[in-house]
Amino acid sequence: MAKQLVSSLQISIFLLVILNLNPVFSSAKIGVDRIGSLVRESCKNWTEFPNICISTLEADSRSISVNTFPQLCRVAMEVASTRISETLSFISQFQVNETDPTTQFYLKACVRKYIAGTSLIEVNAIPAFDEKDFEEAYNDVALVRQLVADSECDDSSVTKLFNGRQTELIQFITDVVNLADRQRRNPN
Ligand SMILES: *[C@@H]1O[C@H](CO)[C@@H](O)[C@H](O)[C@H]1NC(C)=O
Ligand SMILES: *[C@@H]1O[C@H](CO)[C@@H](O)[C@H](O)[C@H]1NC(C)=O
């Protein structure tokens, strides 16, 4: 089961990276009102960057079906995985043409961290969450945050390529860590 998850995930990441596809992720601002106050209240009450939390979650159609805090927390992890994949495919495109060896080095290392980050969410954090192992889910997303904020991705040669995308991503993942923390402290 886990093995299948890994391989299908790796294949999709492989496709994103190699074919440099622009993934069509749901970003329609649909049903914003119907999402109701749960997203807004949860982001305001529990996260460090509530505005990023609200706008990112409200822009994703998966938030519409959310009725409880645990559901919201799980969706937030899914959205984080999607956002990391999107950013991964964006920065991966620069690998092809990059001629500066230092940039190439950091970029390659950074891409690996992003791949590890999505795997960690999909293969560890979400399954752990579904088994109500909220402590494990929290630890996993906290590690994901470390991975994407890692020194290699933070080297100035690489941050130039991100063109501002990295900050918002890290802020959103920080929010997801906050939400997972709340869930682990209040498992019922
Ligand atoms: C957010 O905080 C307010 C005020 O303390 C509280 O009434 C509300 O239930 C909280 N909502 C969530 C989703 O935590
Ligand atoms: C890489 O170089 C090719 C050929 O010069 C160019 O068409 C392409 O747009 C470049 N890609 C990026 C991401 O700069």
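Residues numbered from 1 in each chain as written. Chains lettered and ligands numbered in written order. Predicted model: local features only at pLDDT ≥ 70, side-chain atom pairs only at ≥ 80, totals over all residues.

**Here we look at the overall build of the chain**
So, point 1. On a plain count of helices and strands, the chain comes out with nine helices and zero strands.
So, point 2. Across the 188 residues in the chain, those meeting the buried criterion constitute 36%.
So, point 3. For the chain, the share of sequence-separated contacts (at least 6 apart) that also reach a separation of at least 24 residues comes to 74%. (Helix = DSSP H or I, 4+ residues; strand = E, 2+ residues; numbered from the N terminus. Buried ≥ 20, exposed ≤ 12 C-beta atoms within 10 Å, placed from the backbone. Contact = placed C-beta atoms within 7 Å.)

**Comments concerning the site of ligand 2**
So, point 1. Taken together, the residues surrounding ligand 2 are Gln93, Phe94, Val96 and Asn97.
So, point 2. In the shell around ligand 2, the residues fall into two nonpolar, two polar and no charged. (Near = placed C-beta within 6 Å. Nonpolar A, V, L, I, M, F, W, Y, C, P; charged D, E, K, R; others polar.)

**Side note on the site of ligand 1**
So, point 1. Taken together, Leu38, Glu41, Ser42, Asn45 and Phe69 make up the full set of residues adjacent to ligand 1.
So, point 2. When residues of the shell around ligand 1 are assigned to their parent elements, the largest contribution, four residues, is made by helix α3 (residues 37-46).
So, point 3. Tallied by class, residues from the shell around ligand 1 come to two nonpolar, two polar and one charged.

**Some details on α3**
So, point 1. Along α3, the residues that are buried comprise Val39, Ser42, Cys43 and Trp46. Looking straight down α3, one finds that the buried residues subtend no more than 100° of arc, so they occupy a single side. Exposed residues pointing more than 90 degrees away from the buried face of α3 are listed as Ser37 and Asn45. (Arc of directions from axis to C-beta.)

**Quick notes on the confidence of the model for the chain**
So, point 1. Confidence in the prediction of the chain, expressed as mean pLDDT, is 84, and 81% of residues score 70 or more.
So, point 2. Within the chain, helix α2 (residues 32-35) has the poorest average pLDDT of any element, 46, and helix α4 (residues 50-58) the best, 97.
So, point 3. Ignoring residues within four places in sequence, the model shows residues 13-35, a span with pLDDT below 50, making 33 contacts including any to other chains. (pLDDT = per-residue confidence, 0-100.)

**As for unusual backbone geometry**
So, point 1. Unusually for a residue other than glycine, Lys132 sits at a positive phi of about 60°.
So, point 2. By the secondary structure assignment, Lys132 is in the loop between α6 (101-130) and α7 (134-148).
So, point 3. Take Lys132: there are 13 C-beta atoms within 10 Å of it, and that puts it in the partly exposed class.

**Side note on the nonpolar core**
So, point 1. Judged by nonpolar contacts, the single largest core of 43 residues is most densely connected at Ala76, Met77, Ala80, Val141 and Val176.
So, point 2. Elements with a contribution of two residues or more to this core: α3, α4, α5 (69-97), α6, α7 and α9 (165-185).
So, point 3. Counting residues per element, this core draws most heavily on α5, which supplies ten residues.
So, point 4. In this structure Val141 touches Met77, Ile121, Ala125, Val176, Val177 and Ala180, once residues within four positions along its chain are discounted. (Core = buried A, V, L, I, M, F, W, Y, C linked by C-beta atoms within 7 Å.)

**A short note on the environment of Ile52**
So, point 1. Tracing the backbone shows Ile52 in helix α4.
So, point 2. Measuring from C-alpha to C-alpha, the distance between Ile52 and Ile173 comes to 9.8 Å, with 121 residues separating the pair along the chain.
So, point 3. Setting aside anything within four residues of it in sequence, one finds Ile52 in contact with Glu168, Gln171, Phe172 and Asp175.

**Here's the deal with the environment of Tyr138**
So, point 1. Along the chain, Tyr138 falls in helix α7.
So, point 2. Assessed through the 24 C-beta atoms surrounding it within 10 Å, Tyr138 is described here as buried.
So, point 3. In sequence terms Tyr138 and Val176 are 38 residues apart; their C-alpha atoms lie 8.9 Å from each other.
So, point 4. If we ignore the near neighbours within four places in the chain, the residues touching Tyr138 are Ala180, Asp181 and Arg184.

**Here we look at the packing of α7 against α9**
So, point 1. Packing of α7 against α9 brings their axes to within 9 Å, and their N-to-C directions diverge by 165°. Relative to α9, the element α7 lies roughly antiparallel. Crossing of α7 against α9: the hand is left-handed. Note on element contacts: α9 touches α7 through Leu169, Ile170, Ile173, Thr174, Val176, Val177, Ala180, Asp181, Gln183 and Arg184, opposite Phe134, Glu135, Ala137, Tyr138, Val141, Ala142, Val144, Arg145 and Val148.
So, point 2. Broken down by class, the residue content of the contact of α7 with α9 amounts to 13 nonpolar, two polar and four charged. (Axes fitted to C-alpha atoms, helices over the stretch in contact; angles between N-to-C directions. Parallel < 35°, antiparallel > 145°, perpendicular 65-115°, else oblique. Left-handed = near helix turned anticlockwise from the far one by under 90°.)

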